[in-house]
Amino acid sequence: MTLDEALDALRALVQEGRAEGMAKYHKAEREYLGLANPDINDLTKGWRQTLDVDTRVRLAGELWNTDIFEARLAASKLLTQARLRPDEGAWELIKSWAPDFDSWAIADHACMAGQKRLIADPSRLDEIEAWTTSDHMWTRRAALVITLPWTKQNHPKPAEIEARERILGWLARYATDHQWFIQKGISWWLRELGKHDAPRVRAFMAEHGDTLKPFARKDATRKLPPEA
């Protein structure tokens, strides 16, 4: 599949009048075609089923480089798959996108693809830790979004507990950064963790909660179960 063929397939699904509202909502200046997310899901699902890994990585890179909103979402969805072998090319491509992050929607879709690659090889957390000291706010935030899988385990293995504690250390360093998207990223991570590991969230809040913005404190704890 060529880039032009992929873009033609996307444009065939445009909903008239939708692009203007999307541009106002997402605010980042780029081209918006006006597609509904389920339509992009269906289209890229078919691509994943029919294209080999190398073609998908190549096409994902080309779609991303157009800077069209829906093309960047499609690029991310092309690589969002648990079993992807070989996956080194996909991982390197996903990492290369981080400096381009400038809105939550595109960043979060790329991070969902990255989550699969981190789960496949948790040693890659070493590379993500470098994101936590980036000058680029969206890259720092992405370090939290891409590691959300470590909030999910009800019965974590020792290595998963170690990773969870490591990432909580990142959150502790972020706590004094009061940019809205960073605070929201912290509260999102803690809120998800609280569904599965309430004691760790309570311990974090006891030590760092006063440093967080009030909205983040509230959001981080709103899913915690009542204390016994």
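Analysis parameters
Residues numbered from 1 in each chain as written. Predicted model: local features only at pLDDT ≥ 70, side-chain atom pairs only at ≥ 80, totals over all residues. Heavy atoms only, no water. Helix = DSSP H or I, 4+ residues; strand = E, 2+ residues; numbered from the N terminus. Rg over C-alpha atoms; globule rule 2.2 N^0.38 Å. Buried < 20%, exposed > 50% of the residue type's maximum accessible area, 1.4 Å probe, protein only. Contact = heavy atoms within 4.5 Å. Lys, Arg positive; Asp, Glu negative; His and termini not counted. Charge placed at Lys NZ, Arg CZ, Asp CG, Glu CD. Axes fitted to C-alpha atoms, helices over the stretch in contact; angles between N-to-C directions. Parallel < 35°, antiparallel > 145°, perpendicular 65-115°, else oblique. Left-handed = near helix turned anticlockwise from the far one by under 90°. Nonpolar A, V, L, I, M, F, W, Y, C, P; charged D, E, K, R; others polar. Phe/Tyr/Trp six-rings, centres within 6.5 Å; stacked < 30°, edge-to-face > 60°.

Some thoughts on the overall build of the protein chain
Line of reasoning, step 1. Along its length, the protein chain carries 13 helices and 0 strands.
Line of reasoning, step 2. The C-alpha atoms of the protein chain give a radius of gyration of 19 Å, which matches the 17 Å a tight globule of 228 residues would have.
Line of reasoning, step 3. For the protein chain, the C-alpha atoms occupy an extent of roughly 55 × 40 × 35 Å along the three principal directions.
Line of reasoning, step 4. Scored against the burial criterion, the 228 residues of the protein chain give a buried share of 50%.
Line of reasoning, step 5. When contacts within the protein chain are restricted to residue pairs at least 6 apart in sequence, those whose partners lie at least 24 apart make up 69%.
Line of reasoning, step 6. Counting 34 positive and 35 negative side-chain charges, the protein chain places the averaged centre of each group 7 Å from the other.

Looking at the side chain of Arg72
Line of reasoning, step 1. With respect to the secondary-structure elements, Arg72 resides in helix α5 (residues 69-78).
Line of reasoning, step 2. Apart from residues lying up to four places away in sequence, Arg72 is in contact with Arg30, Leu63, Trp64, Asp67, Asp100 and Ile106.

Description of the environment of Phe101
Line of reasoning, step 1. One can find Phe101 in the loop between α6 (88-97) and α7 (104-120).
Line of reasoning, step 2. Each C-alpha atom of the pair Phe101 and His136 lies 8.8 Å from the other, and the pair is 35 residues apart in sequence.
Line of reasoning, step 3. In this structure, Phe101 is in contact with Trp64, Ala107, Ala110, Cys111, His136, Trp138 and Ala142, ignoring residues within four places of it in sequence.

Things to note about the packing of helix α3 (residues 37-50) against α5
Between two packed helices, what matters for the description is the angle formed by their axes and the separation of those axes.
Line of reasoning, step 1. Taken N-terminus to C-terminus, the directions of α3 and α5 make an angle of 45°; their axes are 9 Å apart at the nearest point. With respect to α5, the axis of α3 lies oblique. α5 is crossed by α3, and the crossing has right-handed handedness. On α5, the residues that touch Asn37, Ile40, Asn41, Thr44, Trp47 and Arg48 of α3 are Glu70, Leu73, Ala74, Lys77 and Leu78.
Line of reasoning, step 2. Here the contact of α3 with α5 is built from residues that sort into 5 nonpolar, 3 polar and 3 charged.

Quick notes on the packing of aromatic side chains
Line of reasoning, step 1. All chains considered together, the criterion is met by 7 aromatic pairs.
Line of reasoning, step 2. Both rings, one in Trp64 and one in Trp97, keep their centres 4.3 Å apart while their planes meet at 5°; by these two values the pair is stacked. In this pair, Trp64 sits in helix α4 (residues 53-65) while Trp97 sits in helix α6, placing the two residues 33 residues apart along the sequence.
Line of reasoning, step 3. Under the relative-accessibility criterion, Trp64 is labelled buried at 0%.
Line of reasoning, step 4. Ring centres 5.7 Å apart and planes at 10° place the aromatic pair Trp180 and Phe215 in the stacked group. Pair noted here: Trp180 is in helix α11 (residues 180-194) and Phe215 is in helix α13 (residues 214-221), with a separation of 35 residues, a long-range link.

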